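Listed below are the residues making up each chain.
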Amino acid sequence: MKRLLIAVLFLSMFSLPVHSQALSCEEPPPPEIAYDEYDAVIIGTVEEINESTSVKIMTVRVEKSFKGVDREIITVKEDLMWGQSQLDSSLLFFLNKEGESWVHPLCSPTTANTDLADAVFADKEELVLQSAEKNPTGWKLAILLGAILAVSAGALQKIRR
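Keep in mind that what you see is a predicted model, and the values were worked out from it rather than measured. (Residues numbered from 1 in each chain as written. Predicted model: local features only at pLDDT ≥ 70, side-chain atom pairs only at ≥ 80, totals over all residues. Heavy atoms only, no water.)

*Asks:* So what about the overall build of the protein chain? Which residues, and what values?
*Replies:* Helix and strand counts for the protein chain come out as four helices and five strands. Reading the secondary structure of the protein chain in the N-to-C direction produces α-α-β-β-β-β-β-α-α. For the protein chain, the proportion of its 161 residues judged to be buried stands at 25%. (Helix = DSSP H or I, 4+ residues; strand = E, 2+ residues; numbered from the N terminus. Buried < 20%, exposed > 50% of the residue type's maximum accessible area, 1.4 Å probe, protein only.)

Here is the structure:
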């Protein structure tokens, strides 16, 4: 009986199919077709990467926008495990919009060959980018000046009494 049980267990290891999964993307479409499939097409440089449990949140400085993006700096989410974007890399990104966030899909035809964009998208109008300061100081300066004026006004009132 023991032998029969061992034989059944041994044979069952080979009879049950083993199913493994790996990331497999079909051949990405050529850029001129991908242009219509994605919400944004840009050339950008990854300036900062913050990692959370399952996602990379990248700060991307947009150099050229052919579709969808009108800001100089955007935030892009990418899968932490499978995403391949690296710090200081300049890429031709194909992005999708999810709510208010830009997402770099796993199987998009994003490439480091940024010269490709000028050839393929030469007939597309490049979008004008809104300037974005990385460290805005205008409001800080206004608060500082307001505080100086308030202190000066208080000092003047004391002197007049």
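Now that the structure is up, let's keep going.
*Asks:* If you had to explain a nonpolar patch on the surface to someone new, which residues and values would you point to?
*Replies:* A surface patch of nonpolar side chains, about 360 Å² in accessible area, is lined by Met81, Trp82 and Leu106. Residue position: Leu106 is located in the loop between strand S5 (101-104) and helix H3 (115-120). Leu106 sits in the partly exposed class, given a relative accessible area of 42%. (Patch = residues over 30% accessible without salt bridge, like charges linked within 9 Å, V, L, I, M, F, W, Y side chains within 5 Å. Areas by Shrake-Rupley, 256 points an atom, 1.4 Å probe, with all protein chains shown as cover. Salt bridge = Lys/Arg side-chain N within 4 Å of Asp/Glu carboxyl O.)

*Asks:* Can you explain the packing of aromatic side chains? Please cite residues and give values.
*Replies:* Scanning all chains against the criterion turns up four aromatic pairs. Residues Tyr35 and Phe121 carry aromatic rings whose centres are separated by 5.4 Å and whose planes lie at 40 degrees to one another, so their mutual orientation is tilted. Taken together, the residues span a long stretch of sequence, with Tyr35 in helix H2 (residues 31-37) and Phe121 in the loop between H3 and helix H4 (138-160) at a distance of 86 residues. Per residue, the accessibility class of Tyr35 equals that of Phe121, and both read buried. One aromatic cluster in this structure is built from Tyr35, Tyr38, Phe66, Phe94 and Phe121. For the cation-ring pair, Lys67 lies above Tyr35, with the distance from its terminal atom to the ring centre recorded as 5.0 Å. (Phe/Tyr/Trp six-rings, centres within 6.5 Å; stacked < 30°, edge-to-face > 60°. Lys NZ or Arg CZ within 6 Å of the ring centre and 35° of its normal.)

*Asks:* Could you give me a rundown of the confidence of the model for the protein chain, with the residues and numbers involved?
*Replies:* The predicted model of the protein chain averages 84 in pLDDT, with 82% of residues at 70 or higher. The weakest mean pLDDT in the protein chain belongs to helix H1 (residues 2-15) at 70; the strongest belongs to strand S4 (residues 90-98) at 96. (pLDDT = per-residue confidence, 0-100.)

*Asks:* Got a sec to walk through the pairing of S5? Specific residues and values, please.
*Replies:* If a strand is regular, its side chains alternate between the two faces of the sheet. Inspection of the sheet shows strand S3 (residues 73-79) paired to S5 by three bridges, in the parallel sense. Bridging from a neighbouring strand, Lys77 pairs with Val103 of S5. As paired strands, S4 and S5 are joined by three bridges and run antiparallel to one another. Bridge pairing in S5 places Lys97 opposite Trp102. (Pairing = 2+ DSSP bridges.)

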